[in-house]
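Chain by chain, the residues run as shown.
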Amino acid sequence: MTSHTTPGRPPAPAGGARRRLIRELLLVAGLFAVYKAGRMLSTGRTDEAHHNAVRVWDAERALHLPGEGAVQRLLLHSDAAVHTANTYYAAVHFPATVLFLVWLYLRRPGHYLWTRRALAVLTGAALALHLYFPLAPPRMLESAHLVDTGQVYGPTVYRAAPAADTMANQFAAMPSLHFGWALMLALGMIAATRSRWRALWLLHPLVTLLVVVGTANHYWADAIVAALLLGAALLVIPRPAARTDAAADAVRSLPHPRRTAAPAAPSPGDAPASAGAAAPTAPHPAAPASVPAGRGAGEPDPAATLPVPAGGER
């Protein structure tokens, strides 16, 4: 038998998937690079950033928001707690977001596009606000009397002098993208999964909120503004259809078809049934068990010839 398959042709879906992956990586990396470069434009506005910090602090007290120092005092009771909070602030924010996007890209493509667009809108709005409203974090505000836990206990991602920090803009406190990205991570996982425990993902933004406030890197207002910007982004970005990713799960969950055994081939010694073969005869009816005395086997039963009365009884 001659095969008609053409060898040496790569499957088209694999090449298309590779191109989409490269395009997504370049897009996300490009957006992040633009954001990092844009943040550095407000690094030299020190006086304006400290003035805005006083305004935010006074506004929070006027709104009777709890002081950031209340959370920090809880952390300062234990060196291990402070060190853990600093590590969470420095090491969880970005890697957790990357892993979240990778998982969505591989398992929930529809939710990935929705989440990526929401994060892009949130980050772009944050960049505009960083440039318009530079803000010194509460650890730099003398009237707040807060401890820079990163510098005192470590680890930290910032230099002691903001002017010497060429890798980060320390005057970009509002909004808190630590909290905004963590909140989007939780909402995205709740929307993309169907576990009855999926609400526990909200613990991530809650812990992030306590960490950014307790380490004196952000005000309560920074998290509030981040939540409002994310809410506005989610209002204008259409959510993925419920069946977009559910269809793929349904296909994966289908049971594999069971193989049925092929009928056994006849042995060489078996003769095929001929068309003229006689059909099997039906068995003869059973003979009566006994014959009444005085009557031959072939004689009819006299009782069977008697007339039947009208009542149906003999």
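Residues numbered from 1 in each chain as written. Predicted model: local features only at pLDDT ≥ 70, side-chain atom pairs only at ≥ 80, totals over all residues. Heavy atoms only, no water.

## A look at the overall build of the protein chain
A count of helices and strands for the protein chain gives 11 helices and 0 strands. The proportion of buried residues among the 314 residues of the protein chain is 33%. Across the protein chain, the fraction of contacts at a sequence separation of at least 24, relative to all contacts at a separation of at least 6, is 81%. As presented, the protein chain carries roughly 20,300 Å² of accessible surface, and 66% of it is formed by carbon and sulfur atoms. (Helix = DSSP H or I, 4+ residues; strand = E, 2+ residues; numbered from the N terminus. Buried < 20%, exposed > 50% of the residue type's maximum accessible area, 1.4 Å probe, protein only. Contact = heavy atoms within 4.5 Å. Areas by Shrake-Rupley, 256 points an atom, 1.4 Å probe, with all protein chains shown as cover.)

## A few points about the nonpolar core
Ranked by internal contacts, the top residues of the largest apolar core, which has 35 residues, are F100, L177, F179, M184, L209 and V213. Of all the secondary structure elements, the ones that give two or more residues to this core are α3 (68-75), α4 (79-91), α5 (93-107), α6 (109-132), α8 (177-192), α9 (203-214) and α10 (220-236). Top contributing element to this core by residue count: α8, with 8 residues. Beyond its immediate sequence surroundings of up to four residues, L209 is in contact with F179, W220 and A223. Counting residues in hydrophobic clusters, the runner-up holds 17 residues, among them A49, F171, M174 and A216. (Core = buried A, V, L, I, M, F, W, Y, C linked by side-chain atoms within 4.5 Å.)

## Some points on the packing of aromatic side chains
Taken as a whole, this structure holds 2 aromatic pairs when the rule is applied. Where Y89 meets Y158, the ring centres are 6.3 Å apart and the plane angle is 55°; that geometry is what we call tilted. Of this pair, Y89 sits in helix α4 while Y158 sits in the loop between α7 (149-152) and α8; the two residues are 69 residues apart in sequence, bridging distant segments of the chain. For Y89, a relative accessible area of 7% puts it in the buried group. We classify Y158 as buried; its relative accessible area is 16%. Residues Y105 and Y112 carry aromatic rings whose centres are separated by 5.2 Å and whose planes lie at 85° to one another, so their mutual orientation is edge-to-face. Classification of Y105 as partly exposed rests on a relative accessible area of 23%. Residue classification places Y112 among the buried positions, given a relative accessible area of 5%. Taking NZ or CZ as reference, R61 lies 4.3 Å from the ring centre of W57, over its face. Looking at R239, its charged tip hangs above the ring of W114, at a distance of 5.4 Å from the centre. (Phe/Tyr/Trp six-rings, centres within 6.5 Å; stacked < 30°, edge-to-face > 60°. Lys NZ or Arg CZ within 6 Å of the ring centre and 35° of its normal.)

## Describing the pattern of salt bridges
Two side chains carrying opposite charge are able to pair once their charged atoms lie near each other. Inspection of the entire model under this criterion finds 5 salt bridges. The residue R45 makes a salt bridge to E48 at a minimum N-O spacing of 3.1 Å. Classification of E48 by relative accessible area gives partly exposed; the value is 34%. Several salt bridges converge on common partners, so that one network encompasses E60, R61 and E68. (Salt bridge = Lys/Arg side-chain N within 4 Å of Asp/Glu carboxyl O.)

## Some thoughts on unusual backbone geometry
Look at the link from G154 to P155: it is a cis peptide, with omega at -10°. Inspection of the secondary structure puts P155 in the loop between α7 and α8. Its identity is not glycine, yet H64 carries a phi of approximately 60°, on the positive side. Within the element layout of this structure, H64 appears in the loop between α2 (46-62) and α3. A positive phi angle, near 65°, is found at A216, a position not held by glycine. Tracing the backbone through its elements, the reader meets A216 in the loop between α9 and α10. The exposure class assigned to A216 is buried, which follows from its relative accessible area of 0%.

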